[in-house]
Amino acid sequence: HHTISDLTADYCWAAAAGPDGSVVAEGVTDGFTKLLGYTLADIQKDGWDVVVHPDERDAARQPVERLMRGET
């Protein structure tokens, strides 16, 4: 993800599945930080919910939960 982050000014982020099934932030571009105001350190500290509107959090979690269950 570092190459993509270095080559793009657009909004981009990278995440991986943690050992406990959580979504672990691995990187964000400068465009992500400029648009949303959050750095990688912010996301790692506070979690992804800070960048998702409260009304959309359940919808945002559903695809991740399906992937963690092994669904496509």
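Residue numbers restart at each chain and count upward from 1, following the sequence in its written direction. In view of the model being predicted, local features appear only for residues whose pLDDT reaches at least 70, and side-chain atom pairs are presented and counted only at 80 or more, with totals across whole chains, interfaces and linings using the full set of residues. As a rule here, side-chain values come from all non-hydrogen atoms in the structure, and water together with hydrogens is ignored.

## Some details on the overall build of the protein
Helical segments are the DSSP runs of H or I of at least four residues, strand segments are the runs of E of at least two, and each set is numbered from the N terminus. Per the secondary structure count, the protein includes four helices and two strands. The order of α-helices and β-strands along the protein, N terminus first, is α-β-β-α-α-α. The buried share of the protein, reckoned over its 72 residues, is 15%. Accessibility here uses a 1.4 Å probe with only protein chains present; expressed as a share of the type maximum, an area under 20% marks a residue as buried, one over 50% as exposed, and anything in between as partly exposed.

## Some remarks on the nonpolar core
The biggest cluster of nonpolar side chains holds five residues, and these are A25, V28, F32, I43 and W48. Contacts are assigned to residue pairs that have any heavy atoms within 4.5 Å of one another. With near-sequence residues (within four places) excluded, F32 lies in contact with D10, Y11, C12, W13, G37, Y38, I43, W48 and V51. Only buried residues count toward a nonpolar core. Its members are Ala, Val, Leu, Ile, Met, Phe, Trp, Tyr and Cys residues joined through side-chain atoms within 4.5 Å.

## A closer look at the confidence of the model for the protein
Overall, the predicted model of the protein reaches an average pLDDT of 84, with 88% of residues at or above 70. Here pLDDT means the predictor's own confidence in every residue, given as a number from 0 to 100. The least confident element of the protein, judged by mean pLDDT, is helix α1 (residues 2-7) at 61; the most confident is helix α3 (residues 40-46) at 94.

## Side note on the packing of aromatic side chains
Each Phe, Tyr or Trp ring (for Trp, its six-membered ring) is paired with any other whose centre lies within 6.5 Å, and the angle between the two planes then decides the class: stacked below 30 degrees, edge-to-face above 60, tilted in between. Per the stated rule, a full pass over the model turns up three aromatic pairs. Their ring planes at 55° and their centres at 5.1 Å tell us that W13 and W48 sit as a pair that is tilted. Residue W13 is located in strand β1 (residues 13-17), and its partner W48 is located in the loop between α3 and α4 (57-68); the two are separated by 35 residues in the primary sequence. Given a relative accessible area of 46%, W13 falls into the partly exposed group. Given a relative accessible area of 17%, W48 falls into the buried group. Judged by centre distance (6.4 Å) and plane angle (90°), the rings of F32 and W48 are edge-to-face.

## Comments concerning the pattern of salt bridges
One side-chain nitrogen of Lys or Arg within 4 Å of one carboxyl oxygen of Asp or Glu is enough to make a salt bridge. Applying the stated criterion across every chain, the model contains four salt bridges. A salt bridge links D58 to R61; its shortest N-O distance comes to 3.6 Å. Here the residue D58 and the residue R61 both occupy positions in helix α4, the gap between them amounting to three residues, near one helical turn. On the basis of relative accessibility, which here comes to 55%, the residue D58 falls in the exposed class. Taking the shortest distance from any N to any O, the salt bridge between E71 and R69 comes out at 3.0 Å.

## Here we look at the pairing of β1
Two strands qualify as a pair provided that DSSP identifies no fewer than 2 bridges between them. Pairing of β1 with strand β2 (residues 23-28), which is carried by five bridges, proceeds in the antiparallel orientation. Its bridge partner being in β2, A14 is matched across the sheet by G27. Connecting β1 to the next strand, β2, in antiparallel fashion are five residues, including G21 with a positive phi near 90°.

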